[in-house]
Amino acid sequence: MNMNCLEVMAQSMRNASVPYGVIDGSDFNFQFINSAFEQLLWGQGMHLGLTQEECTDQLRPIAQRCAETGLEQVHIWGPNHLRIVMVPVFDDGQLLGIQCFAHAGQQVESEHLQ
């Protein structure tokens, strides 16, 4: 795995129907989101009256926790119960970034998977 592995993942998921994004491991901003993720996330944000930047700001602490713990993080967000799953990607102990998946309509408690 090298620094381009996240780019390869992003390219492979570009046209996927699964909502997918890649978050930078240093500033916790989205480096990439596919159209399915964009539609789901920004749609939820618009429902909440949030801008894209405000959506990202609300998800940043989850990405930071994912990076700090090195563990998958699952968070239920907003009134439509959007399930956000963040998975850290490491190479030789170095955080390269965070994969982010989203699923709509699953009403469960926020959880932390080990």
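Scroll up a little and you will see the structure.
Remember, it's a predicted structure, so these values are computed and weren't measured experimentally.

Visitor: Outline the pattern of salt bridges, listing residues and values.
Guide: On inspection of all chains with the given rule, the structure shows one salt bridge. Residue Arg60 pairs with Asp57 through a salt bridge whose shortest N-O separation is 2.7 Å. Of this pair, Arg60 and Asp57 both sit in helix α3 (residues 52-69), three residues apart, which is roughly one turn of the helix.

Visitor: Could you give me a rundown of the packing of helix α2 (residues 35-47) against α3, with the residues and numbers involved?
Guide: Taken N-terminus to C-terminus, the directions of α2 and α3 make an angle of 95°; their axes are 9 Å apart at the nearest point. Comparing their axes, α3 and α2 come out roughly perpendicular. Note on element contacts: α3 touches α2 through Gln52, Cys55, Thr56 and Leu59, opposite Glu38, Leu41, Trp42 and Gly45. When its residues are assigned to classes, the contact of α2 with α3 shows four nonpolar, three polar and one charged.

Visitor: Lay out the packing of aromatic side chains with the relevant residues and their values.
Guide: Scanning the entire structure with this criterion turns up three aromatic pairs. For the ring pair Tyr20 and Phe32, a centre distance of 6.4 Å and an interplane angle of 55° mean the geometry is tilted. Taken together, the positions of Tyr20 in strand β1 (residues 20-24) and Phe32 in strand β2 (residues 30-33) put the pair twelve residues apart, joining distant regions of the chain. The pair Tyr20 / Phe32 is uniform in exposure class, with both members buried. Through successive ring pairs, a cluster of aromatic residues spans Tyr20, Phe32 and Phe101.

Visitor: Give a detailed account of helix α1 (residues 5-13), specifying residues and quantitative values.
Guide: For α1, the set of buried residues is Cys5, Leu6, Ala10 and Met13. An end-on view of α1 places all buried positions within 140° of arc, on one side of the element. Of the exposed residues in α1, those oriented more than 90 degrees away from the buried face are Glu7, Val8 and Ser12. Looking at the packing, one finds that the buried side of α1 touches β1, β2, β4 (82-91) and β5 (94-103).

Conventions we followed
Residues numbered from 1 in each chain as written. Predicted model: local features only at pLDDT ≥ 70, side-chain atom pairs only at ≥ 80, totals over all residues. Heavy atoms only, no water. Salt bridge = Lys/Arg side-chain N within 4 Å of Asp/Glu carboxyl O. Helix = DSSP H or I, 4+ residues; strand = E, 2+ residues; numbered from the N terminus. Axes fitted to C-alpha atoms, helices over the stretch in contact; angles between N-to-C directions. Parallel < 35°, antiparallel > 145°, perpendicular 65-115°, else oblique. Contact = heavy atoms within 4.5 Å. Nonpolar A, V, L, I, M, F, W, Y, C, P; charged D, E, K, R; others polar. Phe/Tyr/Trp six-rings, centres within 6.5 Å; stacked < 30°, edge-to-face > 60°. Buried < 20%, exposed > 50% of the residue type's maximum accessible area, 1.4 Å probe, protein only. Arc of directions from axis to C-beta.

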